[in-house]
Every structure is written in structure tokens, then in C-alpha cells.
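What the coordinates show
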Amino acid sequence: YVPASGLTAATTNGAAGATIETTTNKVIARVFDFDQTTQEFVGLAIQSPAWWNASTVTVQFIWTAASGTGAVVWAAQGVAFSDDDAMDTAYGTEQTSTDTLITAVDSHAAPVTSAITIAGTPVAGDLICFRFKRNPADAGDTLTADARLIAVRIRWGMAQYDDQ
């Protein structure tokens, strides 16, 4: 689980960082606002777990919107780096998740993506760079407002557990 505060906006077409605070109970969360017309990105650089089986991963997006109606299409992709690998390497094929806004300012857990193949030659313990985006050009993305990303859940396949 990675909250929005652990993500970084891209320099080129980065999503805008913001904070939400609910009206009555003052619940506070850091978010990234993804525009309804422009494709925007955030990233994450994280060490893969020592117990990861170096296979595919899946991602679930936790999000909300301040207003609007419709669905949002989220996308995720990743690339692995071992010692001395060139970092200007293409990401793997993105996988998407489509979720419909039920009620504004409610927490929404999007469906889990299909299996994401991490580009490179990943091994447990590698640096993994993920890129997350909203895909407003997708015909399924009909949300009439900014989609506010609260967090992402990354699900790693597990080999034999080892926390070394």
C-alpha cells in the first residue's frame, strides 16, 4: 500500500498534488488530481520485496472525486533495474482498471488490474519503477471531474518468504 504522499508527480504532465479535508469530521488525505482531458502521470521508485517471485504484479487504485459523474480509467506499468542497469529503459505494457464514481468524496477501490509484466529482467530486491496515470482518451473514461488518487495497492507474487 502506497499513499499519494509516497508518489511523485512527473515533471512532464505531472498530476497536481493536493490535500482533501472532509467538511464535518475533518478527515485529511494527500491526493493527486488527474485531469479529465489531459493525460497526467505520477511515479513510484521502490525496492521489490526479498520474497517476490519476480513474476507479474497487479495494482489497485484507491481514489475519489469532489464532484461529477461517470467512470475513470486508471493505468499502471513498471520496469525493473538491477545493479548497473541503464535507467532510461521503456516501461512494460500498461494494464488498466475502470471504476465508476458512486458518490463524490467517498473512498472508491477500483478493480485490480490484469497482471502487469515488469519490463527488464526483474529479480527479487530490484529497484522497480512504476508509472500510474488516468487515461482520459479511453472511451471508458467518462468522469466529468478530476479523479483524485489517494493511494495504490501493489500485489506482489510470493516465493518462499525471506526478509533478508
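Parameters at a glance
Residues numbered from 1 in each chain as written. Predicted model: local features only at pLDDT ≥ 70, side-chain atom pairs only at ≥ 80, totals over all residues. Heavy atoms only, no water. Helix = DSSP H or I, 4+ residues; strand = E, 2+ residues; numbered from the N terminus. Buried < 20%, exposed > 50% of the residue type's maximum accessible area, 1.4 Å probe, protein only. Contact = heavy atoms within 4.5 Å. Salt bridge = Lys/Arg side-chain N within 4 Å of Asp/Glu carboxyl O. Phe/Tyr/Trp six-rings, centres within 6.5 Å; stacked < 30°, edge-to-face > 60°. 1 Å grid on protein atoms, 1.4 Å probe; cavity = no way out; pocket = protein on both sides within 12 Å on 5 of 7 lines; lining within 4 Å. Points joined across faces, edges and corners; volume = space filled by probe spheres on them. Nonpolar A, V, L, I, M, F, W, Y, C, P; charged D, E, K, R; others polar. Pairing = 2+ DSSP bridges.

A short note on the environment of Thr 144
By the secondary structure assignment, Thr 144 is in the loop between strand E10 (127-134) and strand E11 (147-158). Assessed through its relative accessible area of 45%, Thr 144 is described here as partly exposed. Each C-alpha atom, one on Thr 144 and one on Arg 134, is 13 Å from the other, the two residues being 10 residues apart in sequence. The residues contacting Thr 144, other than those within four sequence positions of it, are Gln 36, Gly 68 and Thr 69.

Some points on the pattern of salt bridges
Scanning all chains against the criterion turns up four salt bridges. A salt bridge links Arg 148 to Asp 33; the nearest nitrogen and oxygen atoms lie 2.6 Å apart. With Arg 148 in strand E11 and Asp 33 in strand E4 (residues 28-34), the pair connects residues that are 115 residues apart, well separated along the chain. The residues Arg 148 and Asp 33 share a single accessibility class, namely buried. For Arg 134, the salt bridge identified is with Asp 141, shortest N-O distance 2.7 Å.

Description of the packing of aromatic side chains
Per the counting criterion, the structure on display carries seven aromatic pairs. Ring centres of Trp 52 and Trp 156 lie 5.2 Å apart, and the angle between their planes is 75 degrees; this geometry places the pair in the edge-to-face category. Taken together, the residues span a long stretch of sequence, with Trp 52 in strand E6 (residues 52-64) and Trp 156 in strand E11 at a distance of 104 residues. Overall, the relative accessible area of 3% leaves Trp 52 in the buried class. Their ring planes at 90 degrees and their centres at 5.9 Å tell us that Phe 61 and Phe 132 sit as a pair that is edge-to-face. Of this pair, Phe 61 sits in strand E6 while Phe 132 sits in strand E10, placing them 71 residues apart in sequence. On the accessibility criterion, Phe 61 (0% relative accessible area) is buried. For Phe 132, a relative accessible area of 0% puts it in the buried group.

Some details on the layout of surface pockets
Computed from the structure, the largest pocket encloses a volume of approximately 180 Å³. Taken together, 15 residues form the lining of the largest pocket, with Gly 43, Leu 44, Tyr 91, Cys 129 and Phe 130 sitting closest to its centre. Of all elements in the fold, only strand E2 (8-9), strand E5 (41-47), strand E7 (71-81) and E10 reach the threshold of two or more residues within the lining of the largest pocket. Here the lining of the largest pocket gets four residues from one element, more than from any other, and that element is E5. When grouped by side-chain class, the residues that make up the lining of the largest pocket number 11 nonpolar, three polar and one charged.

Quick word on the pairing of E10
Of all eight residues in E10, six are buried; the element is thus mostly enclosed. Here E5 pairs with E10 via seven bridges, running antiparallel. Paired with Gly 43 across the two strands is Arg 131, which belongs to E10. Note that E7 and E10 share eight bridges and pair antiparallel. Its bridge partner being in E10, Trp 74 is matched across the sheet by Arg 134.

Let's talk about the sheet that holds E7
Pairing is antiparallel across the open sheet formed by five strands, whose spatial order is E2-E5-E10-E7-E8. Each having just a single partner strand, E2 and strand E8 (95-100) make up the two edges of the open sheet.

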